[in-house]
Amino acid sequence: MKQKNQKIYVCDNCGEESLSWAGKCSYCNSWNSLKEIFVSSEEQKSNVENLEYKKISDIDLTNNIRIDSGISELNGVLGGGFVRGSVILLGGEPGIGKSTITSQICNLPKKILFLSAEESLPQIKDRLIRLKIDNKNLDLASGGDLLALEKKVQKERYDLVIVDSIQTVYISDLNTSAGSISQVKESGLFLQKMAKKYDIVTLIIGHVTKDGTIAGPKIIEHLVDVVLYLEGDKNHQGRVIRGIKNRFGSTNEIGLFMMTGEGLQEVSNPSEMFLSQRQNKAGSVICSVVEGKRILFIEIQAITVITKYGYAKRTCSGYDLNRLSLLAAVIQKNIGIDLSSCDIYLNVVGGIKIKEPAADLAVCAAIISSYKNKPYNDQACFLGEVGLMGEVRRVILQKERISESKKIGYQPISSEHIKEIREISNKYL
Ligand code: TYD
Ligand code: MG
């Protein structure tokens, strides 16, 4: 048990705590990463007031009304809007649109505070004007001191507080820099307590970085009520908000957006977004994928070219490289096409990442089409898992996907239509 006002050492790299300083962290072996912090006395008092205690019959649920976020795609992911007093973490790569979407939320006719430790007040205002946000009850704050934030919150009673971002705010009592593991952890805990104490919806932005130099928002995921990730490819307009954790709803929902000059626009007809610029050429196929509870139609493109090197290359974007190699081997074995001397490039259009095996058949179809340099019928839509023997298998929600694709005028090709991948070229090319 840590003592009152005790000095402890926390590793900036992995968060391991120790009572004495050492040059090397005993847990992750990183050098010179132990930073001294003081454990606040408040955390140490263990008496019954530290627990909120009530008889079940005395707990009032009337306040648990959802606050509409004003963005229906986001409401869907949240399970119907923000729950009062809840903490939502919105993660995503830098530049993907986190500040943009949170600025758009500021249009809500509620009392809101937008705290940015990354941008100056004129910068935040500039974006709000660009996004045509007009809320008289919106306050802006620039800076990262969370103790100061609490003082403001105590006075003003906000409905919603947005913190941009968890890696740049800090608690001045801790003498480690903003963005270190200990600051991110403690700041997350602080914001969570503040949200519950004042019953404010708190939206925390967290940058997900590929190199481990800044502590990622993952370390506070367990503290918050809802974890959302904003995903997409910065070179494409499509953005997806995905629920990773939700204490108040399902995580099976996604929200679809397009980044435009006027911020993130909701996408009500996803197929139009993903397929609008499609040209029916060899190597391009339409595929049905399920994201959350939604059935989407997207384009998969493949090109196969004779390799210039001794070792054939496989490259993909939005798809799993190992799965691509496996499917290339299945095609080679079952159809007899010599892909061992071909480089294969595969692209999922629109910045979507496919994770389900239901796209196997479409990937095989795209590769075969490119290899044979022949396009399919413009309406062909592939769905099916492919086994190592080349057999085409049923996929989850197959019936729904087939009826949905017929509804919008596609010709579904699935395990109901072909049994093996070799039939693709015989029947459809
Ligand atoms: P931003 O929300 O600042 O990203 P994050 O907070 O996740 O780091 O968005 C960054 C990008 O979005 C930036 O490159 C500009 C672009 N953008 C638009 O295309 N349209 C807009 O209306 C806005 C506000 C930003
Ligand atoms: Mg930002």
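The structure this text deals with has already been given above.
Parameters at a glance
- Residues numbered from 1 in each chain as written.
- Chains lettered and ligands numbered in written order.
- Predicted model: local features only at pLDDT ≥ 70, side-chain atom pairs only at ≥ 80, totals over all residues.
- Heavy atoms only, no water.
- Helix = DSSP H or I, 4+ residues; strand = E, 2+ residues; numbered from the N terminus.
- Contact = heavy atoms within 4.5 Å.
- Areas by Shrake-Rupley, 256 points an atom, 1.4 Å probe, with all protein chains shown as cover.
- Lys, Arg positive; Asp, Glu negative; His and termini not counted.
- Charge placed at Lys NZ, Arg CZ, Asp CG, Glu CD.
- Pairing = 2+ DSSP bridges.
- Axes fitted to C-alpha atoms, helices over the stretch in contact; angles between N-to-C directions.
- Near = heavy atom within 4 Å.
- Polar contact = N/O pair within 3.5 Å; in protein donor to acceptor, adjacent residues only side chain to side chain.
- Nonpolar A, V, L, I, M, F, W, Y, C, P; charged D, E, K, R; others polar.
- Expected span 1.5 Å × (residues − 1).
- Buried < 20%, exposed > 50% of the residue type's maximum accessible area, 1.4 Å probe, protein only.
- Left-handed = near helix turned anticlockwise from the far one by under 90°.

Student: Can you break down the overall build of the protein chain residue by residue, with the values?
Tutor: The helix and strand tally for the protein chain stands at 11 helices and 22 strands. Along the longest, intermediate and shortest principal axes, the C-alpha atoms of the protein chain span 75 × 50 × 50 Å. Put simply, of all contacts in the protein chain between residues at least 6 apart along the chain, 66% involve residues at least 24 apart. For the protein chain, the computed accessible surface area is about 21100 Å², with 51% contributed by carbon and sulfur atoms. Averaging the coordinates of the 55 positive side-chain charges in the protein chain and doing the same for the 50 negative ones gives two points 2 Å apart.

Student: Which residues make up the side chain of serine 99, and what are the values?
Tutor: With respect to the secondary-structure elements, serine 99 resides in helix H3 (residues 98–105). Residues contacting serine 99, with those up to four places away along its chain left out, are Glu119, Arg127, Asp164 and Ile205.

Student: Please set out the sheet that holds strand S11 (residues 226–232) residue by residue, giving values where relevant.
Tutor: Pairing is mixed in the open sheet, where 9 strands are placed in the order S8-S7-S9-S10-S6-S11-S12-S13-S14. In this open sheet, the two strands that pair with only one neighbour each are strand S8 (138–142) and strand S14 (263–266). Strand-to-strand, the axes of this sheet are offset by a mean angle of 25 degrees, without reference to chain direction. As paired strands, strand S7 (residues 112–116) and S8 are joined by 5 bridges and run parallel to one another. Bridge pairing in S8 links isoleucine 112 to leucine 138. Most of the contacts of H3 go to strand S10 (residues 201–207), to which it runs at about 165 degrees, and overall it touches strand S6 (87–92), S7, strand S9 (160–164), S10, S11, strand S12 (238–246), strand S13 (254–260) and S14.

Student: Give a description of the site of ligand 1 that names residues and reports values.
Tutor: Near ligand 1, the surroundings consist of 16 residues, among which Gly95, Ser99, Thr100, Thr260 and Gly263 are the closest. Between an oxygen atom of ligand 1 and a main-chain N or O atom of isoleucine 96, the distance comes to 3.3 Å. Separating an oxygen atom of ligand 1 from a side-chain N or O atom of threonine 100 is a distance of 2.5 Å. With the chains in place, 72% of the 560 Å² that ligand 1 exposes on its own is no longer accessible. Elements with a minimum of two residues in the shell around ligand 1: H3, helix H4 (121–130) and S13. The element that contributes the greatest number of residues to the shell around ligand 1 is H3, accounting for 3 residues. Class assignment for the residues of the shell around ligand 1 results in 4 nonpolar, 7 polar and 5 charged.

Student: An account of helix H9 (residues 360–372) is requested, with residue identities and associated values reported.
Tutor: An ideal rise of 1.5 Å per residue puts 18 Å on 13 residues; H9 measures up with 18 Å between its terminal C-alpha atoms. Across the 13 residues of H9, 11 count as buried, placing the element largely inside the fold. Regarding H9, the residues found buried are Asp360, Leu361, Ala362, Val363, Cys364, Ala365, Ala366, Ile367, Ile368, Ser369 and Ser370. Looking one or two residues past H9, asparagine 373 carries a phi angle of roughly 55 degrees, positive in sign.

Student: Report on the packing of helix H8 (residues 321–335) against H9, specifying residues and quantitative values.
Tutor: Closest axis-to-axis distance for the H8/H9 pair is 10 Å, and the angle between their directions is 60 degrees. Here H8 runs over H9; the crossing is right-handed. Together, Arg323, Leu324, Leu327, Ile331 and Ile335 of H8 and Asp360, Val363, Cys364, Ile367 and Ile368 of H9 make up the contact between the two elements. Residue composition of the contact of H8 with H9, grouped by class: 8 nonpolar, no polar and 2 charged.

Student: Hey, could you go over the pairing of S11 for me, with residue numbers and the actual values?
Tutor: Buried residues dominate S11, accounting for 7 of its 7 residues. Alternating residues of S11 divide into Val226, Leu228, Leu230 and Gly232 and Val227, Tyr229 and Glu231, and every residue in both groups is buried. Bridge count for S6 against S11 is 4 bridges, and the pairing is parallel. Counted as the bridge partner of glycine 91 is tyrosine 229 from S11. Looking at chain direction, S11 and S12 are connected through 7 bridges and run antiparallel. Considered in S12, the bridge of glycine 232 is made with arginine 239. Once S11 ends, the chain turns through 5 residues before running back antiparallel as S12.

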